[in-house]
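Structural overview
For reference, the chains in residue letters:
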Amino acid sequence: MNGLLSLLIFLPVVGTLVVLFVPRGKPSVIRWVTTLFAGAEFLLSLPLWTFAGFRRSGDFFFRETHDWIPSLGAKYSLGVDGIAALLILLTTLLSFISVYSSFSAITKREKEYYAFLLLLETGMVGVFCALDFFLFYVFWEVMLVPMYFLIGIWGGPRKLYAAIKFFLYTLAGSVVMLLAIIALYFFNTSGFLWWKGLGNPATFDIVHFQAIASSIPPDLQLWLFWAFFLGFAIKVPMFPFHTWLPDAHVEAPTAGSVILAGVLLKMGTYGFIRFSLPLCPDALASNARFLGLTTVGWVAVLSIVGIVYGSMVAMVQKDMKKLVAYSSVAHLGFVMLGLFALNNAGIQGGILQSINHGLSTGGLFLLVGIVYERTHTRMIVDYGGLSGVMPVYAMLFMVVLLASIGLPLLNGFVGEFTILTGVFLADWRWAAWASLGVILGAAYMLWLYQRVFFGELTHEKNKGLEDVNLREILTLAPLIVMCFWIGLYPKPFFEMTAKSAEKIVVAVSAPEARRLARETAPRLASRAPAGPPAAVAAVAGVK
Amino acid sequence: MPFPAGDTLLILPELFLTAAASFVLLWATFVSRERERGLAFFSVGALALTGLLMFVSAGASGTLPRSAFGGMFVMDRFGLYFKAILLLAVIVTILFSLHFVGSSPYPGGEYYGLLLFSTVGMLFMASGTHLASIVVALELMALSQYVLAGYFKRETKSLEAAAKYFVLGAFSSGVLIYGISLVYGAAGTLSLAGIAAALALPAPPAFLVVGIILVACGMFFKIASAPFHVWAPDVYEGAPTPISAFFAVGPKIAAYAIFARIFFVGFGPRAGDWSAIVAASAALTMVVGNVGALMQSNVKRLLGYSSIGHAGYALLGFLAYRDASGIGLWSILVYLLAYAFMNLGAFGLVILLESKGYAGESVDDFNGLAGKNPWLAAAMLVFLLSLAGIPPTAGFVGKYFLFSAAMKAGWFWLALLAVLMSAVSLFYYFRIARAMYLVEGEGSLHWRDEPAATAAIALCAAGTLAMGILPGPFVQFARTCLLPFGP
């Protein structure tokens with residue numbers, strides 16, 4: 001299947017061009033052409049799910065490499081492991097759903113809208129496919145432009161503010177990341193500042209950088225870690241970099257919110273998984289403290305603050321979309337906490353919870369969008385007693401909401417439980433705080449449900465509300481099926497990511513293994529002069 | 001002093017262009033206002049032919065670099081690279097000017113003639129390896145430009161621009177020449193190679209540093225970097241828009257050519273003395289340009305401040321003077337090409353969009369352009385993205401190398417400042433994108449059907465995208481133009 005990833009990246013671009021050449025006056029043609037391309041994209045991404053290699057090893061598959069900028073060493077280099085494959089599948093699924101869900105919501109400038117949606121898909125898939133830092137950065141930035149326009153043109157009343165805020169925040173983070181990439185590049189070749197280079201040929205190959213991670217000096221790793229952190233934490237978003245998110249989410253059109261929550265935020269967590277953890281193991285293992293906390297400690301504390309603060313702010317929101325937006329801050333705090341537990345359960349749970357959040361929060365945004373299209377209000381006080389008027393809608397909302405809370409048998413439970421297991425192993429106090437988040441999550445979500453759906457029908461005009469139609473059910477159905485699937489039988493999903501997660505754990509624990517090896521080696525040597533190096537390796541190789 | 005006949009061959013392109021410029025001035029007196037378009041096309045042809053001659057004469061003169069006229073002039077790939085960009089920039093400027101000059105009440109002959117004379121000056125600047133020839137070329141360029149800035153001689157703004165440009169320009173030339181005299185006092189020669197040799201000796205006189213600083217100040221003025229930038233926004237705003245486009249690109253790029261040659265070659269041995277000044281000016285320029293642009297609502301002023309900011313980025317390349325890979329120099333070369341494409345393109349759109357008889361000067365004039373002319377809006381979007389340094393555009397590639405150069409040279413804080421300022425710049429560039437795409441309602445813009453200018457804009461957009469998507473060949477080319485470099 002060589003060329004599959006290129007196909008996935010460039011098919012939406014072709015779609016964009018086709019859409020641009022459809023006459024402006026034929027919105028239905030534009031819609032169906034876009035649906036066709038997004039659907040084809042999703043179907044073409046399915047081989048990533050059936051491919052067995054991800055379940056056997058954590059390597060990168062579907063590799064493609066072409067020279068791109070020879071004088072710089074940058075290559076057009078693609079490849080995915082199980083984690084990236086899963087995220088690509090999420091991207092293509094959510095993009096398809098977003099397109100399909102926009103039919104009735106978008107009534108102006110359809111041509112540009114669908115063109116931007118497809119362009120956005122290219123950027124997102126590209127980010128997950130890129131195995132070259134330069135290429136990765138290009139996709140990372142390219143994606144911002146269509147998202148800016150999606151929020152800015154089709155957004156709510158404060159769209160202008162929200163759009164530029166989103167763009168500037170993300171850009172500010174990613175330019176700092178660019179410096180980290182440049183630093184890494186020079187360190188690999190001729191060195192810079194006081195760091196002596198490795199003298200390797202110039203390259204941006206991510207696999208190569210992961211391989212040389214152990215030779216990056218710890219102080220440089222620390223700088224790199226925080227530079228990457230800024231780029232990714234803004235994207236995730238972690239407290240205190242989350243302030244762009246409620247604005248962007250609330251103002252974006254439904255499809256924009258779905259993609260923002262479902263995929264764009266996952267790019268941040270993906271960045272941590274792919275770069276921060278494997279490239280800076282010494283920074284993570286270091287005991288150096290700043291204000292009493294280690295590097296990992298800081299990230300964990302920020303994640304916990306995100307969980308608790310996000311939940312509490314969500315609780316008091318009057319706008320349904322804003323509530324869901326703040327719940328994203330809390331959920332992503334969970335994901336980050338799992339990743340920085342730095343053990344298998346935490347990382348695997350973090351990845352799965354990323355997917356879960358994309359499904360359930362994407363679903364919630366769709367649901368809010370459905371009722372917003374009918375009433376043009378998202379204020380909770382404008383609703384109440386909807387379950388009588390829209391029973392099917394109420395049921396669907398209930399399922400997605402429970403998935404988001406983390407009810408057993410639904411996907412959120414599996415993710416949160418796995419994360420908590422991993423976090424508990426790392427530090428029980430973190431797990432205690434995070435559990436508080438679970439309770440708060442149930443509180444604000446159920447309270448929302450109670451206010452919107454139960455009780456008397458308080459508003460006359462809500463009496464005539466139509467229940468969901470077939471198209472709306474069809475947009476939600478895949479998400480609900482996935483929620484149940486992951487909730488009931490998560491094994492295939494864990495299998496997809498297990499090997500890659502193992503690799504990351506090994507990479508992260510390399511410094512610890514080295515320290516152990518250093519400490520045990522002399523002792524072994526004193527006991528048996530021709531000490532068996534196998535014993536050292538056994539300690540060092542496995543975490 | 002007799003020179004070998006081969007020397008004349010080397011400057012044949014410049015001689016030809018001088019003759020063409022004189023011919024345009026002469027011809028203009030016999031041409032009616034309606035037929036002035038012919039002058040423009042003749043000028044474009046002459047510029048293209050100059051470019052052709054340049055490469056023929058470079059090919060005919062065997063191995064480069066070849067020095068001529070006792071070290072006054074050199075034909076090398078570095079110079080040729082600059083000349084190619086400059087010729088392209090002037091051709092694009094003329095294509096932008098067709099309607100502008102045609103509909104103005106002032107004769108076009110002088111306009112095109114002066115443009116060509118200033119081009120001759122710029123071409124000699126790109127090849128100058130002797131401070132005397134550099135100064136003469138610089139003055140030829142600058143004097144033509146003072147007049148061009150005041151081309152709308154009955155409009156106060158244009159006159160103000162010309163007066164400001166002239167007074168400050170003359171002052172800066174004075175500073176530059178005074179600095180050169182001090183350098184001459186220390187080195188005993190004006191040839192860059194000779195200066196380099198003299199400066200390499202230990203313990204040069206203390207006033208040499210003063211000389212170098214003064215020369216640097218002269219250069220800062222020409223590239224409009226802080227604190228010598230104040231003339232730029234006013235001149236860009238007041239001058240006829242095609243001339244503003246030209247000012248933002250042509251003279252600046254030519255100034256970078258002499259800046260690079262004087263400082264890398266002539267003052268190379270004393271780089272320790274000047275790098276701190278360059279760094280300080282770079283930092284100040286990036287902040288002043290980008291922060292200043294935040295508050296502008298006039299697009300020409302906005303682009304003026306933005307080009308100040310860009311001068312700051314380009315200065316980063318000078319800091320990597322010591323690097324063996326030559327990244328300092330070729331990052332500047334790559335960047336200037338990108339800069340020419342995107343800046344000419346952005347100014348071109350301002351020229352093309354006309355409202356109320358003036359060029360589309362207010363940001364609000366761009367309101368709703370995407371709905372009215374999607375292609376022009378898309379082109380402008382490409383230029384804005386490129387100016388802001390968002391991939392996949394030329395601006396990103398150019399900035400990437402400059403930031404790399406700064407990091408490589410150990411100026412980490414400057415690189416950090418540069419990337420942050422680059423993020424800030426997005427805010428004001430996207431005010432235009434916002435007006436074009438996001439703001440509803442009609443701006444007062446209407447556009448003219450101008451095939452020549454539209455083609456020039458398309459060329460710039462194609463260049464911006466090509467360089468952004470496939471930077472490989474461009475970078476490779478810039479690197480080969482670097483060596484051999486020198487007098």
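Each value, and the rule that gives it
- Residues numbered from 1 in each chain as written.
- Chains lettered and ligands numbered in written order.
- Predicted model: local features only at pLDDT ≥ 70, side-chain atom pairs only at ≥ 80, totals over all residues.
- Helix = DSSP H or I, 4+ residues; strand = E, 2+ residues; numbered from the N terminus.
- Rg over C-alpha atoms; globule rule 2.2 N^0.38 Å.
- Buried ≥ 20, exposed ≤ 12 C-beta atoms within 10 Å, placed from the backbone.
- Contact = placed C-beta atoms within 7 Å.
- Nonpolar A, V, L, I, M, F, W, Y, C, P; charged D, E, K, R; others polar.
- Pairing = 2+ DSSP bridges.
- pLDDT = per-residue confidence, 0-100.
- Axes fitted to C-alpha atoms, helices over the stretch in contact; angles between N-to-C directions.
- Parallel < 35°, antiparallel > 145°, perpendicular 65-115°, else oblique.
- Left-handed = near helix turned anticlockwise from the far one by under 90°.

**Let's talk about the overall build of chain A**
Within chain A one finds 25 helices and four strands. Taken over C-alpha atoms, the radius of gyration comes to 24 Å for chain A, in line with the 24 Å a tight globule of 543 residues would show. Dimensions of chain A along its principal axes, counting C-alpha atoms only, are 85 × 50 × 40 Å. The buried share of chain A, taken over its 543 residues, is 57%.

**Here we look at the interface of chain A and chain B**
Accessible area lost on assembly of the parts is the figure often given for the size of an interface. The partner chain B presents 27 residues to the 28 residues of chain A that form the contact. Looking at the side of chain A that touches chain B, the elements that each hand over two or more residues are strand 1 (61–69), helix 7 (133–142), helix 8 (144–154) and helix 9 (159–188) of chain A. Residues belonging to the side of chain A that touches chain B are distributed by class as follows: 25 nonpolar, two polar and one charged.

**Topic: the pairing of strand 1 of chain A**
Residue and element names in this part refer to chain A. Across six bridges, strand 1 lies against strand 2 (residues 74–80) in antiparallel orientation. Within strand 2, the position partnered with Phe-61 by the bridge is Val-80. Linking two consecutive strands that pair antiparallel, namely strand 1 and strand 2, is a turn of four residues; a positive phi of about 85° is found at Gly-73 within it.

**A closer look at the confidence of the model for chain B**
Averaged over all residues, the pLDDT of chain B is 87; the fraction at 70 or higher stands at 96%. Confidence metrics for the complex model read pTM 0.91 and ipTM 0.90.

**What about the confidence of the model for chain A?**
The predicted coordinates of low-pLDDT regions are not to be read in fine detail. Per-residue pLDDT for chain A averages 87, and the proportion of residues at 70 or more is 96%. Overall, residues 528–543 of chain A carries pLDDT values under 50, and its contacts beyond four positions in sequence, including any with other chains, amount to 18 contacts.

**Some thoughts on unusual backbone geometry**
A cis amide bond links Val-236 of chain A to the next residue, Pro-237 of chain A, at an omega of -15°. Along the chain, the position of Pro-237 of chain A falls in the loop between helix 11 (218–235) and helix 12 (244–251). With an omega of 0°, the peptide bond between Phe-239 of chain A and Pro-240 of chain A qualifies as cis. Inspection of the secondary structure assignment puts Pro-240 of chain A in the loop between helix 11 and helix 12. Look at His-376 of chain A: it is not a glycine, yet its phi comes out positive at around 55°. Inspection of the secondary structure puts His-376 of chain A in the loop between helix 17 (344–375) and helix 18 (386–389). By the C-beta count within 10 Å, which is 8 here, His-376 of chain A ends up exposed. In this model, Phe-69 of chain B sits at a positive phi of 50°, which is unusual for a non-glycine residue. Structurally, Phe-69 of chain B is set in the loop between strand 1 (66–68) and strand 2 (73–75).

**Side note on the packing of helix 13 (residues 299–319) of chain B against helix 17 (residues 394–408) of chain B**
Residues and elements named next belong to chain B. Closest axis-to-axis distance for the helix 13/helix 17 pair is 8 Å, and the angle between their directions is 45°. Taken as axis vectors, helix 13 and helix 17 run oblique relative to one another. Judged by the twist between their axes, the crossing of helix 13 over helix 17 is left-handed. Contact residues: Tyr-313, Ala-314, Leu-316, Gly-317 and Leu-319 in helix 13; Lys-399, Leu-402, Phe-403, Ala-405 and Ala-406 in helix 17. Across the contact of helix 13 with helix 17, the residue classes tally to eight nonpolar, one polar and one charged.

**Observations regarding the environment of Glu-110 of chain A**
Here Glu-110 of chain A shows up in helix 6 (residues 110–129). On a C-alpha basis, the gap between Glu-110 of chain A and Val-19 of chain A in space is 9.7 Å, while along the polypeptide they are 91 residues apart.

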